Amino acid sequence: MLPLIFDIRRYSINDGPGIRITIFMKGCPLKCQWCHNPESQSPEVQKLYTASKCIGAKDCIDVCPENALTLTGEGIVTDYNVCNLCGKCADVCPTKAIEMSGKLFSTDDLLEIIERERVHIDQSGGGVTFSGGEPLMHPEFLIEMLKACGDKGLHRVVDTCGFAPTETLLGVARHTDLFLYDLKLLDPELHKRWTGVDNRRILQNLRTLAEAGANINIRIPLIKNVNTQMDEIVKMADFINSLPGTKPKVNLLPYHNIARGKYQKLHMDYNHHDLEEPTQMDLDNVVAIFRKSGIETEIGG
Amino acid sequence: MTLTTINIQKVPERQARSEGNFYNTERKNALPGMNDRVRRLRKLSVETQESLSIERALITTKFYKENYGKYSEPVMRALNFLEICKQKTIYIGDDELIVGERGPSPKSVPTFPELTCHSVEDFHVLNSREQQRYTIPQADIDTYEREVIPYWKGRTMRERIFSHVPLEWKAAYEAGLFTEFMEQRAPGHTSLDGKIYRKGMLDFKKEINKHIQSLDFLNDLEATDKLEELKAMAISCDAVIVFAERHAELAEKLAKEESDQQRIEELMEIARVCRRVPAHAPQTFWEAIQMYWFVHLGTITELNGWDAMNPGHFDQHLQPFYEKEIAAGTLTREQAKELISCFWIKVNNHPAPPKVGITARESGTYNDFTNINIGGVRSDGTDGVNEVSYIMLEVVEELHILQPGNSVHISTVTPDKFLHAACKVIRQGHGYPSVFNPDVYIQELVWQGKSLQDAREGGCSGCIEVGAFGKEAYVLTGYLNVPKILEVTLNNGIDPLTNNKVGLETGNPRDFQDYETLYAAFINQLNFVVDQKVRVSNYIDQMFAKYAPAPFLSVVIEDCISKGRDYYNGGPRYNTNYIQCTGLGTVTDSLSVLKSHVFENKTFSMDTLLNAVAKNFEGEEALRQRIINRTPFFGNDDERADGIAVRVYNDLLAAIDGKPNIKGEHYHLNMLSTTCHVYFGKVLGATPNGRFSGKSISDGTSPSHGCDTHGPTNVIRSLGKLDQVKSGGTLLNLRFVPSLLKREKDIEKLAHLIRSYFKLGGHHIQFNVVDTATLLAAQACPEDYRDLLVRMAGYSDYFNDMNADLQNEVIARTENEAF
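Conventions adopted
- Residues numbered from 1 in each chain as written.
- Chains lettered and ligands numbered in written order.
- Predicted model: local features only at pLDDT ≥ 70, side-chain atom pairs only at ≥ 80, totals over all residues.
- Helix = DSSP H or I, 4+ residues; strand = E, 2+ residues; numbered from the N terminus.
- Rg over C-alpha atoms; globule rule 2.2 N^0.38 Å.
- Buried ≥ 20, exposed ≤ 12 C-beta atoms within 10 Å, placed from the backbone.
- Contact = placed C-beta atoms within 7 Å.
- Pairing = 2+ DSSP bridges.
- pLDDT = per-residue confidence, 0-100.
- Axes fitted to C-alpha atoms, helices over the stretch in contact; angles between N-to-C directions.
- Parallel < 35°, antiparallel > 145°, perpendicular 65-115°, else oblique.
- Left-handed = near helix turned anticlockwise from the far one by under 90°.
- Nonpolar A, V, L, I, M, F, W, Y, C, P; charged D, E, K, R; others polar.
- Expected span 1.5 Å × (residues − 1).
- Arc of directions from axis to C-beta.
- Bend = angle between axes of the 7 residues up to and from the residue.
- Core = buried A, V, L, I, M, F, W, Y, C linked by C-beta atoms within 7 Å.

What follows concerns the overall build of chain B. Across its full length, chain B holds 32 helices and 16 strands. The C-alpha radius of gyration of chain B comes to 27 Å, within 12% of the 28 Å expected for a compact globule of 819 residues. The principal-axis extent of the C-alpha atoms belonging to chain B is close to 80 × 65 × 55 Å. The burial tally for chain B puts 58% of its 819 residues in the buried class. Contacts spanning at least 24 positions in sequence make up 78% of the contacts within chain B whose residues lie at least 6 apart.

Next comes the structure, spelled out in structure tokens:
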């Protein structure tokens, strides 16, 4: 089955070497409280509504077969009890205030889109990055794409949270040039509390992947008071140092709350835990700890 | 966390403008920066209000009153130039090392009444307007009214030109279908090659005399004309020598009055340099810069040519002097940089002479478009980058002044190190340097018929136009308002803004059954307009050849001496006329709306669209939004739109390229707009692409503002589909948010993006790094900024899609991210 794609980003310069094209797939087994792309979590089609773009044209109301839409003082409101996500409203919206997130692409279509970036990829030593959501939720499709990209001589990156069956991960690893592997917290309880899942499988997978000789960069989203505490960082550094093989580089991704606008578009609640951005001092401390323990560390993707 | 709110009423001013854009000293990559001398010179240059000087006009008027009719035209022009050089006020400012001003002091601009005589009313407007103001005392206006205006009434080039143009040309010109560069300034000046660093004016005079001696008065029917032209050239060589010697005398006088020992030595060196150049070829680095500067001043004093003057590959010309002196220990890198900085400031002291009428509307800028080419290739095709190139990049970054414009030239043989250094300057967000591709523009020049060697010595001047430096008159004749041609087509030959008939009756568009019929009507209209434009440009060319020769400029452009012909009369080795086409994005998107919505999908009828356009989309916002959001637009690697752009571009080529000019050579096409897209937008009603009446059209070959919603790699691929080698230059502006240029590796990726574009055949690219002011503008006018993608770790969204408080937060962050 084909996954839904919610974004294709060109001139992608933070998701691996060179200039890349990044394919974002919908669906994720984790529910991180700080998620920057909330539309990536559900594997289903979702409706996004940007109130500031709405001019009240009402074409959407007229076209809706379920009569699910009403125009209120706050713009268009969808009754999700009757809405069947057919997307007709988005098709007729003149301003794209309503958009459907999640579109099907055949592998051939995607490969053609990727091939168009060839001149930039060749020039810069770039390639293709598969991200999400969680691309490992769609192993058959992912492996097919990775194989095809490999046949074309393209450098392949998989950006993963690591929460997948180990065999899937190893199967993908055979066709992947670099993993961007997310590490959030080492404490299993805290991990469960903030992401919805236990981290034992994630950590074990990371170790297995390293043992298999995969090329890995570790990405750590940094959220103040969630994982910026000294002991947590030290634990992460120790864990990374305990991995077999070439020591992975670490990219720190400081949390920011600019993404809250996306939650509004999805009618999702946001940040009920009052998450905070790490301060410069937090970042400096974290970088210092990692570097001191011999880990190549940089801020940004 | 609390939101950072900022006052959105007031656009924060860049400190840079007033203080010099300087490295934040807290940042670790701070370079030495300007020394105190350069800092003071820069401050004076930046803070001095532009003003008008009537000195040149008084000298010229007196000379013409007493002498007109006694001499041939070229000799008359040369003697007038000599008179100015003998009489004009000489200025040597405190701290200066490179000397010479066109006016009596920095930022003071002379007038050229023999071309265009400003009226009393013009002066009052110039003196009082808020933007591009030029001050002038009332007493000077009175003198001008008494001494200058009466003599030139009816005699100026401008009046003589306008009294002879066809009425239909006038109607089209006034409707804004095209502009005419030469109606009040002389045809575009040019760029120099390396000859003035090998020969002084006395050497040129010898050459001139040799050609005078060899004139064949019995067999060459033009011999007498040639003699007069050559005599004029020799007189103009004397004129610049006199001009330089007067500087030497003043320097010596100032040295006697000076008490500071260091300054005395500097003034004595200035005197020595000014006695050496331009009479003789320069021997030192200092002399080489001063040599160019006297030649530059000579050409812009003799006449008021469009696009001032350019030194061409200045870094390559200066390199041998630099290397020789560094090796000999007579010059340090810091001294070389100081001299280059002094030169840079000199150019900034020279705003363009004020324009009037439509030309003032289309080119409202102080910029006189000197463009220094840095990097590139040598005449044997090897890499031209040298240490002077890097020094120039440092000067560009440190001085941050309006003039001179500058550009880096990135060939496949150019080292990555140089491109990287240039990208770091680009990141500062001043718009400089722009980036050119020699591998493509050399092909452009060869395709136009230049020899490979001459093409390699060529480059880009003014904005983006390509020429064989030191060997070519490449005259920009004016801009063509391509979207306006579509507007006139959609109104069957009528300009809807004035209801005047300005074009052909190509049929009622409501009767058109298919897109091809519409497109054919558009092309008929295009050919009609281009033919009118060319007819009058040829006439003006002849006027200048006969009545306003430029003997001094002719001395320094190859083959004028050996042919005995003036720069304006086919003297140069190559003679090109350009027509600059604007609005490719606007016209492509408008045609795309017509093609896809009206003819193919029948989303709405021609009648519905034209009625909405006629009322400037009033009450039709849903339709307009549908157009903006649901039409394939140029710049997104979408063949449906790009195919239209390629076709329009090819048809512009077919209409313009290869038309004969009066010099036995040809017209070529340019795709640039400079600031003209603003004026052309003002004289254009609403367009089918959803653009409101009066708003700017797209610039150069860039996509319509904000319509490139798929990122820079797609823009580049769209632009790569145009066969740019057949143009004389294209222009692409790209907008970047600072967060995309934050780290060293981001800079590397920018460099790769440039190289990718050049691999695809791109001629030019420049980057606007978005600052706070741009983001505030995007809040005020979202649809022009639909391309602005905000990216932060793991997140990306279009700026327009964010609500106001998040936008404010991004603005606050952008402020912090400034470099």
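Summing up its helical and strand segments, chain A has 11 helices and 13 strands in all. Radius of gyration (C-alpha) of chain A: 20 Å, near the 19 Å computed for a compact globule of 301 residues. Taken along the three principal axes of its C-alpha coordinates, chain A extends 60 × 45 × 35 Å. Burial statistics for chain A: of 301 residues in total, 47% are counted as buried. Pairs at least 24 apart in sequence give 71% of the contacts found in chain A among residues at least 6 apart.

This paragraph deals with the sheet that holds strand E2 (residues 20–25) of chain A. The sheet built from nine strands is open, its strands ordered E7-E1-E2-E8-E9-E10-E11-E12-E13 (chain A) with mixed pairing. Both outer strands of the open sheet, strand E7 (103–104) and strand E13 (297–299) of chain A, are each paired with one neighbouring strand and no more.

This brings us to the confidence of the model for chain B. Residue and element names in this part refer to chain B. The share of residues in chain B with pLDDT of 70 or more is 95%, and the mean pLDDT across the chain is 92. Within the model, the stretch residues 1–32 combines pLDDT values under 50 with 33 contacts to residues more than four positions away or in other chains. Complex prediction metrics read pTM 0.93 and ipTM 0.94.

This part covers the packing of helix H11 (residues 261–276) of chain B against helix H12 (residues 285–302) of chain B. Residue and element names in this part refer to chain B. It is at 10 Å that the axes of H11 and H12 come closest, and there the two elements cross at 60°. Comparing their axes, H12 and H11 come out oblique. Considering only the axes of H11 and H12, their crossing is right-handed. Across the interface between the two elements, Val-273, Cys-274 and Arg-276 of H11 pack against Trp-286, Glu-287 and Gln-290 of H12. Taken together, the residues of the contact of H11 with H12 sort by class into three nonpolar, one polar and two charged.

All names here are of chain A. With 12 residues, helix H8 (residues 200–211) extends 17 Å between its outermost C-alpha atoms, agreeing within 8% with the 16 Å of an ideal straight helix rising 1.5 Å per residue. Of all the residues in H8, the buried ones are Ile-202, Asn-205, Leu-206, Leu-209 and Ala-210. The buried residues of H8 all sit within an arc of 135° when viewed along its axis, so they share a single face. Turned more than 90 degrees from where H8 packs its buried face, Arg-200, Gln-204 and Glu-211 sit exposed.

A word on helix H13 (residues 314–328) of chain B. Residues and elements named next belong to chain B. In a regular helix each residue adds 1.5 Å, so 15 residues correspond to 21 Å; H13 covers 22 Å between its end C-alpha atoms and thus fits that length. Roughly 30° is the biggest bend found in H13, and it falls at Pro-320. Those residues of H13 lying buried are Phe-314, Asp-315, Gln-316, His-317, Leu-318, Gln-319, Phe-321 and Tyr-322. In the core, the buried residues of H13 are packed alongside H12, helix H14 (333–348), strand E3 (371–375) and helix H16 (387–399). Downstream of H13 by a residue or two, Gly-329 has a phi angle that is positive, lying close to 80°.

In this section: the interface of chain A and chain B. Chain A puts 32 residues into the contact, and the matching count from chain B is 35 residues. For the side of chain A that touches chain B, the elements supplying multiple residues, two or more each, are strand E1 (4–12), helix H4 (118–124), strand E12 (249–254) and helix H10 (260–266) of chain A. Tallying contributions element by element places H4(A) first for the side of chain A that touches chain B, with four residues. Residues belonging to the side of chain A that touches chain B are distributed by class as follows: 11 nonpolar, 13 polar and eight charged.

As for its position among the elements, A:Lys147 is in helix H5 (residues 139–151). In the structure, A:Lys147 is positioned 91 residues away from A:Gly56 in sequence and 47 Å away in space, judged by C-alpha atoms.

A separate point is unusual backbone geometry. In the segment running from A:Gly132 into A:Gly133, the intervening peptide bond is cis, with an omega of 15°. If you trace the backbone, A:Gly133 turns up in the loop between strand E8 (127–131) and H5. Residues B:Val277 and B:Pro278 are joined by a peptide bond in cis, for which omega reads 10°. With respect to the secondary-structure elements, B:Pro278 resides in the loop between H11 and H12. Of note in this structure, A:His267 is not a glycine but carries a positive phi near 60°.

All names here are of chain B. Extensive coverage of strand E11 (residues 574–582) is indicated by the burial of nine of its nine residues. Of the two faces of E11, the one carrying Tyr-574, Thr-576, Tyr-578, Gln-580 and Thr-582 and the one carrying Asn-575, Asn-577, Ile-579 and Cys-581 are both buried. Across eight bridges, the pairing between strand E8 (residues 472–481) and E11 is parallel. Looking across to E11, one finds that Glu-472 is bridged to Tyr-574. Pairing of E11 with strand E12 (residues 666–670), which is carried by five bridges, proceeds in the parallel orientation. Note that in E12 the partner of Asn-577 across the bridge is Tyr-667.

Residues and elements named next belong to chain A. Counting buried positions along E1 yields eight of nine residues, so the element is predominantly enclosed. Pairing between E1 and E2: five bridges, direction antiparallel. Each bridged residue has a counterpart across the sheet, and for Ile-5 the counterpart in E2 is Met-25.

This brings us to the sheet that holds strand E5 (residues 434–436) of chain B. Residue and element names in this part refer to chain B. The sheet built from five strands is open, its strands ordered E3-E4-E5-E14-E13 with mixed pairing. Edge positions in the sheet fall to E3 and strand E13 (733–736), since each of these pairs with one other strand and no more. Adjacent strand axes in the sheet meet at a mean angle of 30°, parallel and antiparallel pairs treated alike. Taken together, the two bridges between E5 and strand E14 (residues 764–769) define a ladder with antiparallel strand orientation. By the bridge assignment for E14, Val-435 is matched with Ile-765.

Turning our eyes to something else, we now look at the nonpolar core. Residues and elements named next belong to chain B. Residues Val-240, Leu-339 and Ile-754 are the most contacted members of the largest nonpolar core, which totals 284 residues. At 13 residues, helix H10 (residues 223–257) tops the list of elements feeding residues into this core. Filtering out sequence-adjacent residues up to four positions away, Leu-339 remains in contact with Leu-97, Ile-98, Phe-285, Trp-286 and Ile-289.

It is worth spelling out the environment of B:Lys226 at this point. Its location among the elements puts B:Lys226 in helix H10. With sequence-adjacent residues up to four places away left out, B:Lys226 is seen in contact with B:Leu215 and B:Gly564.

All names here are of chain B. As a packed pair, helix H9 (residues 201–213) and H10 sit with axes 10 Å apart at the nearest point and diverge in direction by 165°. Our classification of the angle between H9 and H10 gives roughly antiparallel. Here H9 runs over H10; the crossing is left-handed. Residues Met-201, Phe-204, Lys-205, Ile-208, Asn-209, His-211 and Ile-212 of H9 lie in contact with H10, whose contacting residues are Leu-227, Leu-230, Met-233, Ala-234, Cys-237, Val-240 and Ile-241.

All names here are of chain B. Examined against the element boundaries, Ser-108 turns out to sit in strand E2 (residues 108–110). On the basis of neighbour count, Ser-108 is assigned to the buried category, with 24 C-beta atoms found within 10 Å. C-alpha separation for the pair Ser-108 and Ser-704, spaced 596 residues apart in sequence, amounts to 37 Å. Those residues in contact with Ser-108, other than ones at most four positions away along the chain, are Ser-51, Ser-53 and Gly-103.

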